[in-house]
Amino acid sequence: MAKQQKADLLQGTLDMLILKALTHGPMHGYGVGQRIMQLAEDMLRVEEGSLYPALYRLEERGWIKSEWGTSENNRSARFYKLTAAGRRQLNVEEENWARFVSVIGKVLQTS
Amino acid sequence: MLWLRNLLARVVGVWRADRIGEEIDRELQFHIDMRTEENIRRGMSPDEARRDALSRFGHRTVIKERSYEVRGGRWLETLWQDTRYGARMLVKHPGFSFVAVLTLALGIGANTAIFSIVNGVLLRPLPYPEPERLDTVFQQNSAMNRFGISVADFQGIEKEYAKIGSVTAFTHRAVTLTGGERPEQIKATFATASFFKTIGVMPERGRAFLPGEDRPEASPVVVLSYGFWQRQLAGNPGAIGQRLMLDGVGYTVVGIMPRGFVAPSSTTPDLWPILQLQTPRRRGPFVLGVIARRERGVSPQQGQAELKRIAREVFTQWAHTFRDENATYVSMPLKQALIGDIGTTLLVLLGAVGCVLLLASINVANLLLARASTRQQEIAIRAALGAGRLRLVRQLFTESLLLALLGGAAGLFLAVWGVDLLLAISPVTIPRIDQVQVDGFVLGFAALGTLFSCLVFGLMPALYNVNPNLGEPLKGGGRGNAEVPGRRRLRNLLVIAEFALALPLLVGAGLMINSFMRLQQVDPGFKPDHLLTVQLPLPALKYPEAEQAINFHKEMLRRISALPGVRSASITTDLPLEGGHTNDFSLEVRPTPPDQSADVAEFFSVSPDYFRTLGIPLLKGRYLSEQDDENGLPVMVISESMARRYFPGEDPIGMRLKTGGCTECEWTIIVGVVGDVKTEGLSAEDDSAMYCPFNQESFGIRSMALVLRTEGDAASFVPVVRREVNSIDPDLALADIKTMDQLMAKSLGQSRYRGLLLGIFALVALTLAAVGIYGVIAYAVSQRTHEIGIRIALGARRQDIFRMIVGHGMILSLAGVGVGLAASLALTRYLASLLYGVSSTDPLTFVGVVLLLVCVALLACSLPARRATKVDPMVALRAE
């Protein structure tokens, strides 16, 4: 069975992915992880635990907000929600990323 | 083993009892549980599901730590850990902790105590509204010579100054209050109607003076201090409207000042009677104090310019009675005038205690550094276990901070107690001293002092102790005998700094003590033992004519002289050492040119026996005698200085002069020359003085002081004197009863105070420096035991070892002394105004202090050096 080629997460991109994952509405940490996997079609290798320091960091910066709520299986869980500042930040990061990709792509394509 | 780690994390989490930690734990657990459930749903066995969940999750403890740091719980927890650890270390080494805390407490306490006085006296604004608009006004005719304002001057100023502000005049005088059980002397400040309005504080009950109440025809009124109202009138609210008999005149009480009101003068009066100014016939005498309040927007310079303009106008108007072309009115901020020259003393003391605090901190730093070597292993192990450099510095610094806080708290207690002590031993009434209290400023200063000392002694050792080279101390096998060269250098530098700091303090103290001793040996010009002095003010109402006062004095002197045990009795307008009145004069042979200021000299009116009573020697001519009375020719006796200065190479006897700018008066003949007397205090220059018979010169006739020379204890004569005085006039009260010895002590007081305080600080500095160098040398010896053992084994003689060790100490102390000498030379000139008879660079003091310091260093080094010579080479080598 050919092993699927998985990409390591680039430094600093996890924050962007979390923000993106939260655009669809409030979610708990596990959900955010699942969502990222789902969006990446399991092509990313993410240490699940590392989500949490990132989530706390984003919250410190005011890009997301959190509160305790009840999960789908009736357990108490912490839910995260994108703030207006977070939404703006996501736009900025998406633009930066697009520019980054196109520049790197151009460099690699020239022979 | 993951489960164990998990369990541990759990246990640790619970043990921390930390909300943030718990929350993070719950959230991480939730994640793992969710993943496990998902895995089971996908068909894994529960065990497998759980293992997979954990492995996908990553290192849970690390993640928790990282999360914890982001969530901000880290900082607090570390601090708490470090504090507890630090406290444990302090308790473990009680000797070290005690010495360190005590050293710091002394340093911080002394600083805080001195600062609270500086704060109260120098820094706090005057307790009046907009105090920056208040000025004192006086006259000045040369850089040194200032004098008061006359009635004629004041009335001129009052009329003209109204355009830019308001002015008030006042004069302090003791008055006799009658109507109670027995007559009593109380302190009064007679002030014009605008007094309270000008300073800006109104009576709390009743009213202030009304405009016009200071005219002679108005009925007299008085405002009471809160203290007087409580004490004399039992706080009776009906006091307003009552009449008080002051010097035999009835004054109606119109107001009572609020409690805690501070008078704008160095003396605190009991009450403020209205000052009613008679129409003057000449300019002079210059006895009034004047305070001016500028309107808003009028600058001090504008105020001064206006005063100069007024001076020209008033001087021209009165030129026929008094001329002094160099004089003008000068204004000075009221606060500056009130503080006077105590400011220099306080700042010098503050500088001195600052040095002491620095020394104390350096000593604690040295202690910490010395102790550090024994902790090198502990620190290395912690570093090996993964503690970052910053983390270690922080831990050591927290320990220092703990020490500093303990020292600061103890210092604050010392300060509160120290302020009381400082004030209690203070000989002079320090102006504004009632403003001294421990307020926010003082607390802030103590906190700053604590922080500062902590930075000095805590940060350096912390930085130096954390040695990035882990291997060495671990290899050292626990004895830690390889000292980091940087640290040794630092310790040497600290010792040099200690000596450099101690030297200026010792020099300052040496100069002060030197001045004090010289001052003590000053010949006051009279014999101060067995002399009793009493102020005897006569009320003008009862003694309106000079003749009545003269008769009273004659009768009193006759009766008191006849008392058994009284050798002689006399009266004078001013006592020696207490400062006197001056008067200008013009010699017949060399009259003052009209465009020049007249010469001035101290001016006394005395009874003929005055010289014999005080023991002032006659140098030429004769003393005053009973025959020099109202009917005789006006005569005077002058001092030696006056004779030398104004009659160089001439015989002053028989020369004639006129005093007080009085042109129509008769000539006064000089009949004798007497020895110089220290009139303005022991440290003052010998001054020219004129003595006139009290029955010829009626100046001051109602405010004479009685002086008697007694056999036995002078103070024991107070009751008989009081009895005799009251047998002539039962309404008279004695005031300011003092022996001349007390006046002498008072005159020496400031100098003694400065010498004492600086001496104490210098002694502390010397001790700290000695302990500092002892510590460093002793430590060096203990570090070099092995080396010394080898040297001895190889044949070094004991005295070589001794010399080597002491030499090390001497190099350090001499380097410090060198720096200290330079600093002292630069600093002592600020002491110049406080010194007497010693130059601020007095070579003897400098040499003496340097010798003292070097000797102390020698002594401190020789103890460990002796220990070094006793090293047994076999023991030292075997210990390896």
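As the structure is a prediction and not an experimental result, all values here were calculated from the model.

Colleague: Tell me about the overall build of chain B, and name the residues and values.
Modeller: Each helix and strand counted, chain B has 25 helices and 22 strands in total. The long-range share in chain B, meaning contacts at least 24 apart out of those at least 6 apart in sequence, stands at 83%.

Colleague: Help me get a handle on the environment of Gly303 of chain B, residues and values and all.
Modeller: All names here are of chain B. Of note, Gly303 is situated in helix H10 (residues 300-317). According to the C-beta neighbour criterion, Gly303 is buried, with 21 such atoms within 10 Å. The spacing of Gly303 and Arg293 is 10 residues in sequence and 9.3 Å in space, taken between C-alpha atoms. When residues no more than four places from it in sequence are discounted, the contact partners of Gly303 are Asp135, Ile164, Gly165, Ala292, Arg294, Val298 and Ser331.

Colleague: Give a detailed account of the nonpolar core, specifying residues and quantitative values.
Modeller: Residue and element names in this part refer to chain B. With 166 residues, the main nonpolar core has Val356, Leu359, Ala502, Leu506, Met690, Ala765 and Ile773 as its most contacted residues. In terms of residue count, helix H21 (residues 740-783) provides more of this core than any other element does, 21 residues in total. Here Met690 is in contact with Asn583, Phe585, Ala601, Phe603, Phe604, Met636, Ile638 and Met642, once residues within four sequence places are set aside. Residues Ala193, Val253, Trp272 and Leu334 belong to the second largest nonpolar core, which totals 51 residues.

Colleague: Could you give me a rundown of helix H2 (residues 29-39) of chain A, with the residues and numbers involved?
Modeller: Buried within H2 of chain A we find Gly29, Tyr30, Gly31, Val32 and Gly33 of chain A. Contacts made by the buried residues of H2 of chain A are with helix H1 (13-21), strand E2 (27-28), helix H3 (51-60) and strand E5 (76-82) of chain A together with helix H2 (19-41) of chain B. Directly beyond the C-terminal end of H2 of chain A, a positive phi value near 50° is found at Glu41 of chain A.

Colleague: Can you explain the packing of H1 of chain A against helix H4 (residues 84-109) of chain A? Please cite residues and give values.
Modeller: Residues and elements named next belong to chain A. For the pair H1 and H4, interaxial distance at closest approach is 10 Å and the crossing angle is 125°. The pairing of H1 with H4 is recorded here as oblique in orientation. Along this stretch, H1 crosses H4, giving a crossing that reads as left-handed. Contact residues: Met16, Leu19 and Lys20 in H1; Gly86, Gln89, Leu90, Glu93 and Trp97 in H4. Of the residues assigned to the contact of H1 with H4, the class counts are 4 nonpolar, 2 polar and 2 charged.

Colleague: Outline the pairing of strand E14 (residues 582-587) of chain B, supporting the account with residue identities and numerical values.
Modeller: All names here are of chain B. Across 4 bridges, E14 lies against strand E15 (residues 599-606) in antiparallel orientation. In the sheet register, Phe585 faces E15, and the bridge partner there is Asp599. The pairing of E14 with strand E18 (residues 656-659) spans 3 bridges and is antiparallel. For Leu587, the partnering residue across the bridge sits in E18 and is Leu657.

How each quantity is defined
- Residues numbered from 1 in each chain as written.
- Chains lettered and ligands numbered in written order.
- Predicted model: local features only at pLDDT ≥ 70, side-chain atom pairs only at ≥ 80, totals over all residues.
- Helix = DSSP H or I, 4+ residues; strand = E, 2+ residues; numbered from the N terminus.
- Contact = placed C-beta atoms within 7 Å.
- Buried ≥ 20, exposed ≤ 12 C-beta atoms within 10 Å, placed from the backbone.
- Core = buried A, V, L, I, M, F, W, Y, C linked by C-beta atoms within 7 Å.
- Axes fitted to C-alpha atoms, helices over the stretch in contact; angles between N-to-C directions.
- Parallel < 35°, antiparallel > 145°, perpendicular 65-115°, else oblique.
- Left-handed = near helix turned anticlockwise from the far one by under 90°.
- Nonpolar A, V, L, I, M, F, W, Y, C, P; charged D, E, K, R; others polar.
- Pairing = 2+ DSSP bridges.

By themselves these figures say nothing about function.
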